[in-house]
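# Working through the structure, step by step
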Amino acid sequence: MSIQISYKSSSPKKSSNNLILFVDEKFNIIPVKKDISSSEFSYINELLKNSDLSKNLLVFELNSKRKIILISIKKNSKKFEIENLGAELYGRINYGKSSEYFINSDSVLSKYKNFIGLLLHGLKLKSYEFNKYKTKKKIINIKLNVFGKKNQLSVDDQLKFRALEEGTFYARDLVSEPGNILHPDEYTKRLRSLKKNGLKVSIYDEKKLKKLGMNALLGVGQGSIKGSYLGIIEWKGLKNNSKPLAFVGKGVCFDTGGYSLKPAKFMEDMTYDMAGSATVVGLMKNLAIRKAKINAVGVVGLVENMVSGNAQRPGDIVKSYSGKTIEILNTDAEGRLVLADALTFTEKKYKPRFIIDLATLTGAIIVSLGSEYAGLFSNNDKLSKQLIDAGEKVEEKLWRMPLHKNFDKLINSKNADMQNINYVGGAGSTTAAQFLQRFILNQTPWAHLDIAGMAFSKYGGALNSGGATGYGVRLLNKLIEDNYEWYRANFVDN
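Report follows, based on the coordinates. Computed from a prediction, not measured in an experiment: that's the story for all the values here.

The helix and strand inventory of the chain stands at 14 helices and 19 strands. C-alpha atoms of the chain, sized along the principal axes, occupy 85 × 50 × 40 Å. Counting across all 494 residues of the chain, residues that qualify as buried make up 58%. Excluding contacts between residues fewer than 6 apart, the proportion of contacts in the chain whose partners are at least 24 apart in sequence is 78%. Of the roughly 21,700 Å² that the chain leaves accessible, carbon and sulfur atoms contribute 50%. Taken together, the 74 basic and 49 acidic charged side chains of the chain have centroids lying 5 Å from each other.

See the structure below:
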């Protein structure tokens, strides 16, 4: 798929080319009469009398070479609804080998400064496809020419949209890769490639992790012939030493469940059990491309949960980086073990303003929230509200779930400080989050996002066509833009 966008000040000839115009919700075409011929105006006006005006866009094929698309702008449209319009537009122009359209930005009647940018952003997000391993690829070239003197995007705004698209696509690419390609060893190579974007990348291998005492993370990966790693990505967008914003991701590149083996019909999807880490990596790439005025660090635990003679057993006890001991009752509750060490390490080394972790952690969150919301667990009301508000704005929604000391008794162990699963039953997502909370040692504001129902879609969504969604990149970028980046060079810790 190739989408080329250009910006022009002059309008095309009325008699040729495919044209995209914007109208009000009643499809009143009088304001755009000047952009089409009188015969076209009369023809479309007549057809509109019998058209379904509740639709978002209508397509009129005037001849084999000319098509006019009318896009209805609803009053008080939210930004994500404009993006969804772009995705819908993509569905109407995505056919054939090549297509060219002219978009009249002067016909936009909207309060949003970046209406065209949001529309094209949604279109591009919807256009993503992962066809790397197809021997016969469907090649489609779409050329979009935006003309007019109003509603043009500034160079800065174009950069922000491009950065967000590249970050989201990078996350989707990582999630889409099969386990035999994107194992932990290969993942570290891809992290190192981000140095060209201005990111500082450090990789802790097994030798370093053993020395640090990250036995919870190492225990998960010890059954694999591939290595286990902690990847650290740093972005310094401020000249001062302000505390960074920290993002931690679960990177289980393939999850068999270990000796607590998964059923075969569920195992095929476990290539995307590293989606939390992909979101963190995509976010960091986005921040670097757009030169975000913040300091941030992304930490990802990269392992492969396999079965072998050296694999971790149910009943094993390990000592985590925090010093706390964990009894492994179920080797398929492995993501929380990876995150446990990564969370404590991040808090201790970077002393961040907050820590947000993301993980495809529990099937229970899908039972609770399906594929409409990710689960949010947090020790901080302010951070929770910021996340929920950001999610509403970009349509990557969150629902806050409970944490309470009474849940602790479900993960207390007779043989160690805690056990990694609740065998009493119930509250599977909450007890997993309650487990993670024990590894935040210094009351750092923390939020855990369980994205198991959001990271991958077999049916597609508003801004994706099925497969990896890249959920979380746009959400966290919005969180940063709205609440932290405005400090800019005068960023003050509080």
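Each pair of aromatic rings is reported with the distance of its centres and the angle of its planes. On inspection of all chains with the given rule, the structure shows eleven aromatic pairs. With a centroid separation of 5.7 Å and 80° between ring planes, the pair formed by Phe247 and Phe354 is classed as edge-to-face. Residue Phe247 is located in strand β9 (residues 245-255), and its partner Phe354 is located in strand β13 (residues 354-359); the two are separated by 107 residues in the primary sequence. For the pair Phe247 and Phe354, a shared accessibility class is recorded, and that class is buried. Over the ring of Tyr204 we find Lys208, and its NZ or CZ is 5.6 Å from the ring centre. Sitting over the face of the ring of Phe439, Lys324 holds its NZ or CZ atom 5.9 Å from the ring centroid.

Sizing a probe to match a water molecule and rolling it over the atoms shows the empty space that remains. The computed volume of the largest pocket comes to approximately 800 Å³. If you go around the largest pocket, you meet 31 residues; those closest to its centre are Ser371, Gly453, Met454, Ser457 and Thr469. For the lining of the largest pocket, the secondary structure elements donating two or more residues are α4 (155-176), α8 (264-267) and β18 (456-457). Among the residues forming the lining of the largest pocket, the class breakdown is 13 nonpolar, nine polar and nine charged.

Attention now moves to the side chain of Thr469. By the secondary structure assignment, Thr469 is in the loop between β19 (467-468) and α14 (473-483). Separated by 2.7 Å, the side chain of Thr469 and the backbone oxygen of Met454 make a polar contact. Filtering out sequence-adjacent residues up to four positions away, Thr469 remains in contact with Thr168, Arg172, Met454, Ala455, Phe456, Ser457 and Asn464.

Formed by 56 residues in total, the largest nonpolar core has its most connected members in Tyr187, Leu191, Phe247, Ile356 and Leu387. With eight residues, the single largest contributor to this core is helix α9 (residues 275-289). Beyond its immediate sequence surroundings of up to four residues, Phe247 is in contact with Val280, Leu283, Ala296, Val297, Gly298, Val299, Phe354, Ile356, Leu476 and Ile480. In this structure, Ala216, Leu218, Leu361 and Leu436 belong to the second largest nonpolar core, which totals 38 residues.

A few words on the pairing of strand β6 (residues 141-147). Counting buried positions over the seven residues of β6 gives five, a clear majority of the element. Sheet topology places strand β5 (residues 98-104) next to β6; seven bridges connect them, and they run parallel. Bridging from a neighbouring strand, Glu100 pairs with Lys143 of β6. Handedness of the crossover joining β5 and β6 through helix α3 (residues 115-127): right-handed.

Strand order in the open sheet formed by eight strands is β7-β8-β10-β9-β13-β17-β14-β15, and the pairing between neighbours is mixed. Each edge of the sheet is formed by a strand with only one pairing partner; in this case those strands are β7 (200-204) and β15 (398-400). Strand-to-strand, the axes of this sheet are offset by a mean angle of 20°, without reference to chain direction. With three bridges joining them, strand β14 (residues 374-378) and β15 adopt parallel strand pairing. Across the sheet, residue Leu376 finds its bridge partner in β15, namely Arg400. Sheet strands touched by helix α5 (residues 184-192): β7, β8 (229-236), β9 and β10 (295-305). Its angle to β10, the strand with the most contacts, is close to 160°. Along the sheet face, α14 touches β9, β13, β15 and β17 (446-450) and points at about 170° away from the line of β13.

Attention shifts here to the pattern of salt bridges. Note on pairing: side chains with opposite charge can pair once their charged atoms come close. Counted according to the given criterion, the structure contains 26 salt bridges. Taking the shortest distance from any N to any O, the salt bridge between Glu83 and Arg474 comes out at 2.4 Å. Of this pair, Glu83 sits in helix α2 (residues 79-93) while Arg474 sits in helix α14, and the two are 391 residues apart along the sequence. Accessibility classification places Glu83 together with Arg474 in one group, the buried group. The partner of Lys397 in a salt bridge is Glu372, with the nearest N and O atoms 3.5 Å apart. Placement of the pair is Lys397 in the loop between α12 (381-394) and β15 and Glu372 in the loop between α11 (364-369) and β14, with a sequence separation of 25 residues. Exposure remark for Glu372: the relative accessible area of 49% places this residue in the partly exposed category. Connected through salt bridges with shared partners, the residues Lys132, Glu177, Glu186 and Arg190 form a single ionic network.

Between α2 and α3, the shortest axis-to-axis distance is 7 Å and the interhelical angle comes to 55°. Accordingly, the angle class assigned to the pair α2 and α3 is oblique. Here α2 runs over α3; the crossing is right-handed. Judged by residue contacts, Lys79, Ile82, Glu83, Leu85, Gly86, Ala87, Leu89, Tyr90 and Ile93 of α2 engage Phe115, Leu118, Leu119, His121, Gly122, Leu123, Lys126 and Ser127 from α3. Across the contact of α2 with α3, the residue classes break down as ten nonpolar, four polar and three charged.

Calculation criteria
Residues numbered from 1 in each chain as written. Predicted model: local features only at pLDDT ≥ 70, side-chain atom pairs only at ≥ 80, totals over all residues. Heavy atoms only, no water. Helix = DSSP H or I, 4+ residues; strand = E, 2+ residues; numbered from the N terminus. Buried < 20%, exposed > 50% of the residue type's maximum accessible area, 1.4 Å probe, protein only. Contact = heavy atoms within 4.5 Å. Areas by Shrake-Rupley, 256 points an atom, 1.4 Å probe, with all protein chains shown as cover. Lys, Arg positive; Asp, Glu negative; His and termini not counted. Charge placed at Lys NZ, Arg CZ, Asp CG, Glu CD. Phe/Tyr/Trp six-rings, centres within 6.5 Å; stacked < 30°, edge-to-face > 60°. Lys NZ or Arg CZ within 6 Å of the ring centre and 35° of its normal. 1 Å grid on protein atoms, 1.4 Å probe; cavity = no way out; pocket = protein on both sides within 12 Å on 5 of 7 lines; lining within 4 Å. Points joined across faces, edges and corners; volume = space filled by probe spheres on them. Nonpolar A, V, L, I, M, F, W, Y, C, P; charged D, E, K, R; others polar. Polar contact = N/O pair within 3.5 Å; in protein donor to acceptor, adjacent residues only side chain to side chain. Core = buried A, V, L, I, M, F, W, Y, C linked by side-chain atoms within 4.5 Å. Pairing = 2+ DSSP bridges. Right-handed = clockwise from strand over helix to strand, strands pointing away. Axes fitted to C-alpha atoms, helices over the stretch in contact; angles between N-to-C directions. Salt bridge = Lys/Arg side-chain N within 4 Å of Asp/Glu carboxyl O. Parallel < 35°, antiparallel > 145°, perpendicular 65-115°, else oblique. Left-handed = near helix turned anticlockwise from the far one by under 90°.

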